Amino acid sequence: MATGVVALGHVGELTQIVPFELVDAVLAETGRVQHRLRELPSRVGVYFLLAMCLFPEVGYRLVWDRMTSALAGLPTVVSPTAKALRDLRRRVGAAPMRALFEVLCGPLAQPVTPGARFGRYRMVSFDGCSSLKAPDTDRNRAWLDRLAHGGYPQLELMTLVETGTRAVIGAVFGPTAIGETDYARRLLHLLRPDMLVLWDEGFDGNDFLAAVTGTGAQILGRLRSNRRAPILSRLADGSYLSVIGTVNVRIIDAQITVTCAGGTVFTGSYRLVTSLTDAHRHPADVLVGPYHQRWEHESAYYALRHTLLHGRVLRSGDPAGLEQEMWALLTLYQLLRTAMVDAAESLPGTDPDRCSFTIALQSARDQVIQAAGVTSDDTTPATGAIARAILAGLLPARRLRVSTRKVKSPVSRYKERLDDSRPDHSRTITRLLITLLQPVPTPPAVSRDERPTAPAERRRQQQVLTLLHQNPNRHWKAQENARHLSDVTLNTMYRQLSRWAAGQLICKIKPGVYTAEPISAALLPPAQNS
């Protein structure tokens, strides 16, 4: 060991995946190498940020103590203050962490990895997460904005994930005010022609659909129930060819009946859209199965939010710190996934789903505390302590289970328990029946004036007519009508009054002002005739 003080930077056995040479190259590329000899050089700062995400429950000093605990008996180890570690974070900045993530991110499955492919296509998925909470500071609120109903400012994270391994291929994040598809567009350059893109409802907009198919990738996603696509050609398997915007697609209407242990039965309906239009090569009932793999994305977010962060609020009180922390968190997540897939690949035929993220995390924490496995000449993945722990604790093969989807956040708009007949707790599925539904012909388009009036609108129409004829000479504003009815929004009132005026039920005096239909002079009282 060299004489003088020593600043130790490492993340235990994970250092073999992110070695010193890689960190130095990233720092040099982003211009963040220190300009003078320091007790805490920039390389140490990068490893400290990763360790900070490994131990989110403790402060800076305790994170440093865990990194150096194996060298506690050496008098030359640096012992920085919490302020010195904060200054180290600022000096390193966010750029090296982002560059490091971009080097490490990407698909991890091999061509023969179980559960990673559908035919020749690698299954990937888009999904967003808006439950990452940031400290409630003025600078964070200025960037992320505070929730209208209170609570911490929330960060929107959008990722492209390989569903078979749950590895992150790409990520962007920012304020929740920006839509999910706007974030997802920033990741379209990562799509390849050999990918099958899965998504849930909300990603089926015409422009986004065209942008994804323009990359050459195939799609299999859920279609919103209010989308009405024309039936161009019915296929033998029950699906039909259609067009959405400028994209030729195939639509599958399916009903899934689930029977659970104990006799509980419930059904759900799905409308899927896909660019795989060959029904002979890709039958409709077969395509319903791969769509279910989209839920692996939720497992990735669970590992990130609950296993890694344990539901905690992020540390940083300003946007620059949040950006740095998020890239460090995503990099650490990818390091753990890489270690898990390497362990699974060392045992041929092992599905990465069977590897426990919790075991990988706890083993990595132990290796940091012991400063073990930082360097090794052995390149066999299964020889490391993390890999041995993962393989010793492999989960059983995935079994079919179901339970209701629960949202624990009290301020979430989805916190209400859905009455969908699903069991409150996890139950084993004993029978799964997929029924393909025949497409319902789209009714011909009708003009606004030809549309039938809903019962609520007919009732409201009668109330307005009664109100206007009580004072036939009064000019009624739309706001006054809406205030008298009290069960309609002003926007709806404007539209309905305009429609009734076009049908000559009432008279439009000027924009937003109406009166009763003129009554014949013969029917008016004498005083009014004069």
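Note that the structure is predicted; figures quoted are calculated from it, not measured. (Residues numbered from 1 in each chain as written. Predicted model: local features only at pLDDT ≥ 70, side-chain atom pairs only at ≥ 80, totals over all residues. Heavy atoms only, no water.)

Looking at this model, I keep getting lost on the overall build of the protein chain. Mind explaining?
Regarding its fold elements, the protein chain presents 17 helices and 15 strands. Buried positions account for 45% of the 530 residues belonging to the protein chain. Of the contacts formed within the protein chain by residues at least 6 apart in sequence, a portion of 66% connects residues at least 24 apart. Entry remark: accessible area of the protein chain is about 26600 Å², with carbon and sulfur atoms responsible for 52%. (Helix = DSSP H or I, 4+ residues; strand = E, 2+ residues; numbered from the N terminus. Buried < 20%, exposed > 50% of the residue type's maximum accessible area, 1.4 Å probe, protein only. Contact = heavy atoms within 4.5 Å. Areas by Shrake-Rupley, 256 points an atom, 1.4 Å probe, with all protein chains shown as cover.)

Please explain the pairing of strand E14 (residues 506–510) as it appears in this structure.
Regular strands place their side chains on alternate faces of the sheet. Alignment of E14 against strand E15 (residues 513–516), held across four bridges, turns out to be antiparallel. Paired with Lys510 across the two strands is Val513, which belongs to E15. (Pairing = 2+ DSSP bridges.)

Honestly, the sheet that holds strand E13 (residues 476–477) in this entry has me stumped. Any pointers?
Neighbouring strands of a sheet are bound in pairs by backbone hydrogen bonds; such pairs are parallel or else antiparallel. Strand order in the open sheet formed by three strands is E13-E15-E14, and the pairing between neighbours is antiparallel. The open sheet has two edge strands with one neighbour each: E13 and E14. Set on the sheet, helix H14 (residues 455–470) makes contact with E13, E14 and E15; between it and E15 the angle comes to about 75°. (Axes fitted to C-alpha atoms, helices over the stretch in contact; angles between N-to-C directions.)

Can you help me understand the nonpolar core in this one?
Generally speaking, nonpolar side chains in soluble globular proteins are found buried as a group. Of all hydrophobic cores here, the largest spans 74 residues; its most connected members are Leu14, Val18, Leu157 and Leu308. Top contributing element to this core by residue count: helix H11 (residues 319–345), with 14 residues. With near-sequence residues (within four places) excluded, Leu14 lies in contact with Leu332, Leu335, Leu336, Ala339, Ala364 and Ile386. Membership of the second largest hydrophobic core comes to 28 residues, among which are Met195, Val197, Phe208 and Val247. (Core = buried A, V, L, I, M, F, W, Y, C linked by side-chain atoms within 4.5 Å.)

Would you mind going over the pairing of strand E3 (residues 154–162) with me for this structure?
Counting buried residues along E3, nine of its nine residues qualify, which places the element largely inside the surrounding structure. Here E3 shows a buried face lined by Gln154, Glu156, Met158, Leu160 and Glu162 and a second buried face lined by Leu155, Leu157, Thr159 and Val161. Pairing of strand E2 (residues 121–133) with E3, which is carried by eight bridges, proceeds in the antiparallel orientation. Across the sheet, Cys129 pairs through a bridge with Leu157, a residue of E3.

Can you walk me through the packing of aromatic side chains in this structure?
Pairs of aromatic rings are described using the distance from one ring centre to the other and the angle between the two planes. Under the definition given, this model contains ten aromatic pairs. Arranged with centres 6.0 Å apart and planes meeting at 65°, the rings of Phe126 and Phe208 form a pair that is edge-to-face. Highlighted residues: Phe126 in strand E2 and Phe208 in helix H8 (residues 206–214), separated in sequence by 82 residues. An angle of 55° between the planes, with centres 5.6 Å apart, marks the rings of Trp199 and Phe208 as tilted. In this structure an aromatic cluster arises from ring pairing among Phe126, Trp199, Phe203 and Phe208. Against the face of Trp295 rests Arg294, its NZ or CZ located 4.6 Å from the ring centre. One Lys or Arg, Arg474, reaches over the ring of Trp476 and ends 3.9 Å from the middle of that ring. (Phe/Tyr/Trp six-rings, centres within 6.5 Å; stacked < 30°, edge-to-face > 60°. Lys NZ or Arg CZ within 6 Å of the ring centre and 35° of its normal.)

How should I be thinking about the packing of helix H12 (residues 357–370) against helix H13 (residues 385–392) in this particular structure?
Contact geometry for H12 and H13: axes closest at 9 Å, N-to-C directions at 150°. By the criterion of interaxial angle, the relationship of H12 to H13 is roughly antiparallel. The two elements H12 and H13 cross, and the hand of that crossing is right-handed. Packed against H12, whose contacting residues are Ile359, Ala360, Ser363, Ala364 and Gln367, the element H13 presents Ala385, Ile386, Ala389 and Ile390 at the interface. A breakdown of the residues in the contact of H12 with H13 according to their chemical character gives seven nonpolar, two polar and no charged. (Parallel < 35°, antiparallel > 145°, perpendicular 65-115°, else oblique. Left-handed = near helix turned anticlockwise from the far one by under 90°. Nonpolar A, V, L, I, M, F, W, Y, C, P; charged D, E, K, R; others polar.)

Would you mind going over the side chain of Thr274 with me for this structure?
Summarising the element assignment, Thr274 is placed in strand E10 (residues 265–274). Residue Thr274 is classed as buried on the basis of its relative accessible area, which comes to 0%. Within polar-contact distance, the side chain of Thr274 engages the backbone nitrogen of Leu276 at 3.0 Å. When near neighbours in sequence (up to four residues on either side) are disregarded, Thr274 contacts Ile219, Leu220, Val249, Arg250 and Leu287. (Polar contact = N/O pair within 3.5 Å; in protein donor to acceptor, adjacent residues only side chain to side chain.)

Please clarify how unusual backbone geometry should be interpreted in this entry.
Leave glycine aside and you will find that most residues have negative phi; peptide bonds, for their part, are mostly trans. The backbone of Arg166 sits at a positive phi, close to 65°, despite the residue not being glycine. In this fold, Arg166 is placed in the loop between E3 and strand E4 (167–175). In this structure Arg166 comes out as buried when scored by relative accessible area, which is 10%. At His310, a residue that is not glycine, the phi angle is positive and equals roughly 55°. Following the sequence through the fold, His310 ends up in the loop between helix H10 (296–308) and H11.

Even after reading the chapter, I still don't get the confidence of the model for the protein chain, so can you show me in this structure?
Detailed reading of the predicted model is not advised wherever pLDDT is low. With 87% of its residues at a pLDDT of 70 or more, the protein chain shows a mean pLDDT of 86. Between residues 445–451, whose pLDDT stays under 50, and residues either more than four places distant or in other chains, the model counts two contacts. Confidence drops under pLDDT 50 across residues 519–530; counting only partners more than four residues distant or on other chains, this segment forms five contacts. (pLDDT = per-residue confidence, 0-100.)

How should I be thinking about the environment of Arg495 in this particular structure?
Inspection of the secondary structure puts Arg495 in helix H16 (residues 490–502). The class of Arg495 is partly exposed, set by a relative accessible area of 41%. Each C-alpha atom of the pair Arg495 and Ala478 lies 9.6 Å from the other, and the pair is 17 residues apart in sequence.

Is there a simple way to explain the pattern of salt bridges in this structure?
Under the defined criterion, the tally for this structure stands at 19 salt bridges. In this structure, Asp87 and Arg90 form a salt bridge, with 3.1 Å as the shortest nitrogen-oxygen distance. Pair noted here: Asp87 and Arg90 are both in helix H4 (residues 82–92), with a separation of three residues, about one helical turn. Between Arg294 and Asp127 there is a salt bridge, with the nearest N and O atoms lying 3.4 Å from each other. Linking Arg294 in the loop between helix H9 (284–292) and H10 with Asp127 in strand E2, this pair joins segments that are 167 residues apart in sequence. You can call Asp127 buried: its relative accessible area is 8%. Through salt bridges with shared partners, a single ionic network connects Asp127, Asp200, Arg294 and Glu298. (Salt bridge = Lys/Arg side-chain N within 4 Å of Asp/Glu carboxyl O.)

Looking at this structure, how should I read the packing of helix H5 (residues 95–104) against H11?
Two quantities define a packed helix pair, namely the angle between the helix axes and the distance between the axes. The interhelical angle for the contact between H5 and H11, taken along N-to-C directions, is 25°, at an axis separation of 8 Å. Classified by the interaxial angle, the pair formed by H5 and H11 is roughly parallel. Between H5 and H11 the crossing geometry is left-handed. Taking contact as the criterion, the partners of Met97, Arg98, Leu100, Phe101 and Leu104 in H5 are, on H11, Gln324, Trp327, Ala328, Leu330, Thr331, Gln334 and Leu335.

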